[in-house]
4 protein chains.
Amino acid sequence: MDKITIIYSEEPDLNKPILIEGLPGVGNVGKLAAEHLLDQLKAKKFAEIYSAHFPPQVMLDDDGIVKLVNNELYYSKADGKHPDLIIIVGDYQGLTPEGQYELSSSVLEIAKKFNVSLMFTLGGYGVGKMVESPRVLGAATSKELVEEMTAKGVVFSKGEPGSGIVGASGLLLGLGKIAGQNAVCLMGETSGYFVDPKGAEAVLRILASILNVEIDFSELESKAEQIDLITSKLKEIENPVEPKREDLGYIG
Amino acid sequence: MDKITIIYSEEPDLNKPILIEGLPGVGNVGKLAAEHLLDQLKAKKFAEIYSAHFPPQVMLDDDGIVKLVNNELYYSKADGKHPDLIIIVGDYQGLTPEGQYELSSSVLEIAKKFNVSLMFTLGGYGVGKMVESPRVLGAATSKELVEEMTAKGVVFSKGEPGSGIVGASGLLLGLGKIAGQNAVCLMGETSGYFVDPKGAEAVLRILASILNVEIDFSELESKAEQIDLITSKLKEIENPVEPKREDLGYIG
Amino acid sequence: MDKITIIYSEEPDLNKPILIEGLPGVGNVGKLAAEHLLDQLKAKKFAEIYSAHFPPQVMLDDDGIVKLVNNELYYSKADGKHPDLIIIVGDYQGLTPEGQYELSSSVLEIAKKFNVSLMFTLGGYGVGKMVESPRVLGAATSKELVEEMTAKGVVFSKGEPGSGIVGASGLLLGLGKIAGQNAVCLMGETSGYFVDPKGAEAVLRILASILNVEIDFSELESKAEQIDLITSKLKEIENPVEPKREDLGYIG
Amino acid sequence: MDKITIIYSEEPDLNKPILIEGLPGVGNVGKLAAEHLLDQLKAKKFAEIYSAHFPPQVMLDDDGIVKLVNNELYYSKADGKHPDLIIIVGDYQGLTPEGQYELSSSVLEIAKKFNVSLMFTLGGYGVGKMVESPRVLGAATSKELVEEMTAKGVVFSKGEPGSGIVGASGLLLGLGKIAGQNAVCLMGETSGYFVDPKGAEAVLRILASILNVEIDFSELESKAEQIDLITSKLKEIENPVEPKREDLGYIG
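Treat the numbers as computed from the prediction; the structure is a model and nothing was measured.

Participant: Can you break down the overall build of chain A residue by residue, with the values?
Facilitator: Broken down by element type, chain A carries 6 helices and 11 strands. Its C-alpha radius of gyration of 18 Å places chain A within 12% of the 18 Å reference for a compact globule of 252 residues. Put simply, of all contacts in chain A between residues at least 6 apart along the chain, 77% involve residues at least 24 apart.

Participant: Break down the interface of chain B and chain D for me, citing the residues and quoting the values.
Facilitator: Taken together, the 17 residues of chain B in the interface contact 26 residues of chain D. Split by residue class, the side of chain B that touches chain D holds 13 nonpolar, 2 polar and 2 charged. With 2 bridges connecting them, strand β4 (residues 57-60) of chain B and strand β10 (residues 165-166) of chain D associate as antiparallel partners. Paired with Val 58 of chain B across the bridge in β10 of chain D is Ile 165 of chain D.

Participant: So what about the relation of the copies chain D and chain C? Which residues, and what values?
Facilitator: Mapping chain D onto chain C leaves a residual RMSD of 0.0 Å; the transformation is a rotation of 90° accompanied by 0.1 Å of translation along its axis. Accordingly, the operation relating the two chain copies is best matched by a four-fold axis. Relative to the rotation axis, the closest C-alpha in chain D is found at Thr 96 of chain D, a distance of 7.8 Å.

Participant: Help me get a handle on the packing of helix α5 (residues 197-211) of chain B against helix α6 (residues 218-237) of chain B, residues and values and all.
Facilitator: A pair of packed helices is characterised by two quantities: the angle between their axes and the separation of those axes. Residue and element names in this part refer to chain B. Remark: α5 packs on α6, axes separated minimally by 8 Å, with the N-to-C direction vectors making an angle of 150°. One element, α5, and the other, α6, form an angle in the roughly antiparallel class. Between α5 and α6, the contacting residues are Pro 197, Lys 198, Ala 200 and Glu 201 on the first element and Leu 220, Glu 221, Lys 223, Ala 224 and Ile 227 on the second. Split by residue class, the contact of α5 with α6 holds 5 nonpolar, no polar and 4 charged.

Participant: An account of the sheet that holds strand β5 (residues 66-68) of chain B is requested, with residue identities and associated values reported.
Facilitator: Strand order in the open sheet formed by 3 strands is β5(B)-β4(B)-β10(D), and the pairing between neighbours is antiparallel. Every other strand in the sheet has two partners, leaving β5 of chain B together with β10 of chain D as the edge strands with one partner each. Where β4 of chain B lies against β5 of chain B, 3 bridges are found, and the strand directions are antiparallel. What sits directly across from Val 58 of chain B, in β5 of chain B, is Leu 68 of chain B. Running at roughly 85° to β5 of chain B, helix α4 (residues 168-179) of chain D makes contact with β4 and β5 of chain B together with β10 of chain D of the sheet.

Participant: Could you give me a rundown of the sheet that holds strand β9 (residues 136-140) of chain B, with the residues and numbers involved?
Facilitator: Residue and element names in this part refer to chain B. Within the open sheet, the 8 strands sit side by side as β1-β3-β6-β7-β2-β8-β11-β9. Their pairing is mixed. This sheet does not close on itself; its edge strands, each paired only once, are β1 (4-8) and β9. Each strand of the sheet is rotated relative to its neighbour by a mean of 20°, with strand direction disregarded. As defined by bridge partners, strand β8 (residues 118-126) adjoins strand β11 (residues 183-190) across 8 bridges and the pair is classed as parallel. The residue bridging Leu 122 from the neighbouring strand is Leu 186, located in β11. Contacts between α5 and the sheet are confined to β2 (18-22), β8, β9 and β11, with β11 contributing the most and set at about 150° to the helix.

Participant: So what about the interface of chain D and chain C? Which residues, and what values?
Facilitator: The interface of chain D with chain C comprises 17 residues on the first partner and 26 residues on the second. Mapped onto the side of chain D that touches chain C, the elements with two or more residues apiece are β4 (57-60) and β5 (66-68) of chain D. Per-element accounting of the side of chain D that touches chain C gives the leading share, 4 residues, to β4 of chain D. Tallied by class, the residues present in the side of chain D that touches chain C amount to 13 nonpolar, 2 polar and 2 charged.

Participant: Could you give me a rundown of the pairing of β9 of chain B, with the residues and numbers involved?
Facilitator: Residues and elements named next belong to chain B. Within β9, 5 of the 5 residues are buried, leaving the element largely enclosed by the surrounding structure. In β9, alternate side chains face the same way, and those of Val 136, Gly 138 and Ala 140 on one face and Leu 137 and Ala 139 on the other are all buried. Bridge analysis of β9 against β11 gives 5 bridges, and the strand direction is antiparallel. Paired with Leu 137 across the strands is Met 187, a residue of β11.

Participant: Describe helix α2 (residues 97-113) of chain D, listing the residues and the values that go with them.
Facilitator: Residue and element names in this part refer to chain D. With 17 residues, α2 extends 24 Å from end C-alpha to end C-alpha; this agrees with the ideal 24 Å at 1.5 Å per step. Those residues of α2 lying buried are Pro 97, Glu 98, Gly 99, Gln 100, Tyr 101, Glu 102, Leu 103, Ser 104, Ser 106, Val 107, Leu 108 and Ala 111. Among the structural elements, β1 (4-8), β2 (18-22), β3 (44-51), β7 (85-90), β8 (118-126) and α4 are those in contact with the buried residues of α2.

So, how was this worked out
Throughout this document, residue positions are counted from 1 along each chain, in the order its sequence is written. Chains carry letters and ligands carry numbers; both start at the beginning, A for chains and 1 for ligands, and go up in the order they are written. Local features are withheld for residues below a pLDDT of 70 in this predicted model, meaning they are given only at 70 or higher, and side-chain atom pairs are given and counted only at 80 or more; totals for whole chains, interfaces and linings count all residues. Helix and strand definitions here come from DSSP, where helices need a minimum of 4 consecutive H or I residues and strands a minimum of 2 consecutive E residues; each element is numbered from the N-terminal end. The size measure is the radius of gyration over C-alpha atoms, and the globule rule it meets is 2.2 Å times the number of residues to the 0.38 power. Whether two residues are in contact is decided by their C-beta atoms, placed from the backbone, lying within 7 Å. Residue classes follow a fixed rule: Ala, Val, Leu, Ile, Met, Phe, Trp, Tyr, Cys and Pro count as nonpolar, while Asp, Glu, Lys and Arg count as charged, and any other residue, Gly among them, counts as polar. Think of it this way: DSSP has to see at least two bridges between two strands before they count as a pair. To superpose the copies, least squares is applied to the C-alpha atoms of every residue with a pLDDT of at least 70 in both. Comment: axis = line fitted to C-alpha atoms, over the contacting stretch for helices; angle = value between 0 and 180 degrees taken between N-to-C directions. Roughly parallel means an angle under 35 degrees; roughly antiparallel means over 145; roughly perpendicular covers 65 to 115; every other angle is labelled oblique. Here a residue counts as buried when 20 or more other C-beta atoms sit within 10 Å of its C-beta, as exposed when there are 12 or fewer, and as partly exposed otherwise, the C-beta atoms being derived from the backbone. In a helix, the anticipated span is given by 1.5 Å times the number of residues less one.

Printed below as a string of structure tokens:
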């Protein structure tokens, strides 16, 4: 078998779509944000990426039917307000550096095939402590995009994240820049210790405003409240030593 | 050398055979079940799979003759009751995720070559505690198969195994589903701490009933009694802290 | 994508250039020396090496623009005193042995393409204790080069480094010798515990004298003083057990 | 570059030579034995195997000249008593399972190219305790060879080594058997804790008698005495808990 197989169930006709990536990472911020977006848009699945760079594993649905771990591509047609969108979500990122490079290269080929005008990669920025009001930090492939995103409320902060961006969220920008593909990474601040719907909400609020999508955040907010409840209870029980900030990189 | 080499000593003429896989995994349940089945059927070896994805290791037989570690294919012709069967057993699964994908893809090619109508993958489902009467859980590539297997006593339990199925037993279904190959995974409950002939017996009893094969279970039962003896002695000596259930995934 | 991609922004016309490699390693001695050299020469970047053998990571500049991790090639034209020079610096070495081999082979192909007459690889030699006046040890692809370099003050000391030279600094010589490419490795003694500008200065002083380049060392000296300050303060605070010398190999 | 490169300095004309492999492994028994053999025979180097499966490392000779880590092939022409011989020694075995398979396949291709009649692989069998009079255990590709070797004093002991033979010494037999290449593995008993010239001597005594080579063992004996001296001194100082035998496999 090839290392990567893309299976299209449909080849949607899209007009200069914007591609959004939200794969597992720090606090699962990017994954939560992208999944909430595609739920809200009732986006339609049109392709699946299978790869020997993912774990050799199947997941089971409620009926006991297997699904090989994969990444999935959804689309949402323009509705007069927002443009055509492609959304990539998935169970895993590539397990090895080489796998990461090959998978991100595949996504870039898909972006080219559909004439993608701009990519957003979504992730978390682990800061090692609880965050009340998470900022959304940014990175981009060009100065013009940095300026445009700054105007939308994205924070470009010199030296943050200091260790750069690891994983698909970074690689799509790095490889994209070389290939001439415009791209922006949005990183929601997160402790990095929990799945973090609050960080996801922060990222998605900015993205929704950029894309001109209307989002009902009540579900994410309710998840965030549950996590807040758990963490405040944990705080009562134990007063743990706070991990050092420099131990936490960004993996997105 | 190629990463995978299949050497046929014979090319049996089989009529829509059913393929059964039993490779090492949790409690070696699948391997024990498949090996007992091929012993009982006096199945005949017809091919060997060698691979650079296995350890660089030879085993020795009682005479001191080496055998490179491999997977082996056996067949048993229909006897009026059971259909034509192919059974895959072996010393090892692939050492890396990529190796797992390539080896399972090879098995699917073999399945296609012999026009296999249905695959059964056998494994253990580690539950982290001693099991008196192991259930046989299932997973399948289609709803029809789930219904058919439920009627045969296989348990399809929502959320079990929660972490999906890792290894050849899962991958053959995951890749099989994509390739249009019908397949069922049968997982015998097992503590996961010991080689478990009791779990293997549970799996094989259901499989034998499905395949209409008559099996003498006395050997497996005697092995199970030996294991029971050892574990009850161990319990007397030490009263170990029971490992948490969520620590145990399924590797099949 | 290919495992290694070289992107030329310019194809400089060079006359039998000398190639200098300074990638991350023990004490970052080689990287510091090569970067200081290219700063002093105001060398011009002409090519970038990207590779799936590097981490899947982007770095951010002060504006928030991403840069995929890479190795970079600079050149400096002969100025009547020093010959044409190519300088290779970078963020990372290959992550795996295979990656190391493939990347060093790529550099040798570049050396061939530009008709490189001699290569210098720069690195640190970790000795496990603070070094007042670091020696510069050498290794080379031929006896003639050993003699030539000895005359320039490079120390060729039997049994040092005892474990050989690991990484690009060694591999370029090892592969170079096979390919008929003359090459010398210069290793500055360093404790191996800190980034070591003093070791870098020692290496660069000898290299500058060989290449007939004039270097202003004040910046490296100032960095060295800062490190000295930090280490002397650390000595006051704690009197650590000195690690054994044999624990430290050379990775260059 | 290719993963494996073989460079011939000479293509000796050999008549059905016997190939002997002695690479690093348990107690370095095989390496010591093969190196002593080629010293005694004044065998001549004719080829070098370089590979990205070895560490990215060079060794230095006494003059400071680099040598990329490799495996080396020597030959010794028949002298009326012993037949034509090829001897393989080296710094390292392949670092990964795949590397091991590819390197052993390369050696088998060399064996075929030179029409090798029989291969001997030399190794150590780690027993986890000091051994006064090491036995030489064997494994072979055929029953005829087992009988022949038993007659020469090689011990074929059911269940030893229980975990099979790992590494080149095993793989050359395993792959050789499939390729129709006769081969024998000779394993000298060794504690596994030290480089063991005594185990090497035991292996080489039997091999020399099989090949009809005259060997002066004084150098190996003197090395063995030195090791004995060191170990007896260590025994005096500390009385360590003896490691369990089952912890020690054979890697050869």
